[in-house]
Amino acid sequence: LDIIQGPIFFENIYNPISINMTNSYQYVIAQPYTNSVACFDSDTANTLLWTISSDLVSYTEGLLGSAFVLNNNNVLCAVPSKSSTVKGQVIIIKRTSTKDFPITTLPQDGDCVYALPSEASGEYYVIVDDTFTNGKSSKLLRVNSSNKVIKSWNNNNLLLHPKGLAVLQNGDLLVSE
């Protein structure tokens, strides 16, 4: 049994709901906290690089969601619904040195639990969990930045409460339930 010894780092991360790594090896964490999205460098000190305020993107404790840095450094966020009358959203945040702001908001019926860019520019895969009618309308969507549904999967009610999404190098999609 090999034992690996190294430094231990502490950061006040409250109930992380998703963690993604950028192409430049930075960790992007979504959390239901004041700084709802936080990005850390993978250097030896795990330096905090930037945050997005919960005023822009607000996650809910006990529900899922995600944050993913796109190639243009905008942040793609999947945000669950706040109630049966407040829809879940896919929000794209433009980060600047002075102020972050949403450039796209795509409302969805149900909890947006995960979003990733598709192979087509300006299109996104979104996992939607229908928590209000016990999964009857849960689905995987491919939507564009105008919220037009390009493709929808789950015509046979195969997905009840999807939780995760991965896009393989060959373009195949993996959905966890």
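Look a little higher up for the structure.
The present account deals with the structure reproduced in this document. The structure presented is a predicted model; accordingly, all values stated were derived computationally and were not measured. (Residues numbered from 1 in each chain as written. Predicted model: local features only at pLDDT ≥ 70, side-chain atom pairs only at ≥ 80, totals over all residues. Heavy atoms only, no water.)

## Description of the overall build of the protein
Of the regular secondary structure elements, the protein holds zero helices and 14 strands. Overall size of the protein, expressed as C-alpha extent along the three principal axes, is 50 × 50 × 30 Å. Looking at the protein residue by residue over its 177 residues, the buried ones come to 40%. Expressed as a percentage of contacts within the protein between residues at least 6 apart in sequence, the contacts between residues at least 24 apart total 32%. A total of about 10,100 Å² of accessible surface is found on the protein, and carbon and sulfur atoms cover 50% of it. (Helix = DSSP H or I, 4+ residues; strand = E, 2+ residues; numbered from the N terminus. Buried < 20%, exposed > 50% of the residue type's maximum accessible area, 1.4 Å probe, protein only. Contact = heavy atoms within 4.5 Å. Areas by Shrake-Rupley, 256 points an atom, 1.4 Å probe, with all protein chains shown as cover.)

## A short note on the pairing of strand E9 (residues 111–117)
Of all seven residues making up E9, six are buried, and the element is well covered by its neighbours. Of the pairings in the sheet, the one linking E9 to strand E10 (residues 123–129) comprises six bridges and is antiparallel in character. Residue pairing across strands places Leu116 opposite Tyr125, the latter belonging to E10. With antiparallel pairing between neighbouring strands as the criterion, E9 and E10 make up a hairpin whose turn holds five residues, including Gly122 at a positive phi of roughly 80 degrees. (Pairing = 2+ DSSP bridges.)

## Considering the nonpolar core
Core analysis: the biggest nonpolar cluster contains 16 residues, and Val37, Trp50, Tyr59, Ala67, Val75 and Cys77 have the highest contact counts within it. Elements supplying a minimum of two residues to this core: strand E2 (26–30), strand E3 (35–41), strand E4 (48–53), strand E5 (66–69), strand E6 (75–79) and strand E7 (88–94). Of the residues forming this core, the biggest block, three residues, is contributed by E6. Setting aside its immediate chain neighbours within four residues, Ala67 contacts Ser18, Asn20, Val28, Ala30, Val37, Tyr59, Val75, Leu76 and Cys77. (Core = buried A, V, L, I, M, F, W, Y, C linked by side-chain atoms within 4.5 Å.)

## A look at the side chain of Ser118
You can see Ser118 is positioned in the loop between E9 and E10. Judged by relative accessible area, which is 12%, Ser118 ranks as buried. A distance of 3.1 Å separates the side chain of Ser118 from the backbone nitrogen of Ala120, its partner in a polar contact. Beyond its immediate sequence surroundings of up to four residues, Ser118 is in contact with Glu123, Tyr124, Tyr125 and Arg142. (Polar contact = N/O pair within 3.5 Å; in protein donor to acceptor, adjacent residues only side chain to side chain.)

## Concerning the sheet that holds strand E11 (residues 139–144)
Reading across the sheet, the four strands line up as E9-E10-E11-E12 and stay open at both edges, with antiparallel pairing between neighbours. Across the chains shown, the open sheet's two edge strands, defined by having one partner strand only, are E9 and strand E12 (149–153). On average, adjacent strands in this sheet sit at an angle of 20 degrees to one another, irrespective of strand direction. (Axes fitted to C-alpha atoms, helices over the stretch in contact; angles between N-to-C directions.)

## Topic: the pattern of salt bridges
Applying the stated criterion across every chain, the model contains four salt bridges. Here Glu123 makes a salt bridge to Arg142, at a shortest N to O gap of 2.9 Å. Of this pair, Glu123 sits in strand E10 while Arg142 sits in strand E11, and the two are 19 residues apart along the sequence. Both residues of the pair, Glu123 and Arg142, count as buried. Within the structure, one salt-bridge network assembled from shared partners comprises Glu119, Glu123 and Arg142. (Salt bridge = Lys/Arg side-chain N within 4 Å of Asp/Glu carboxyl O.)

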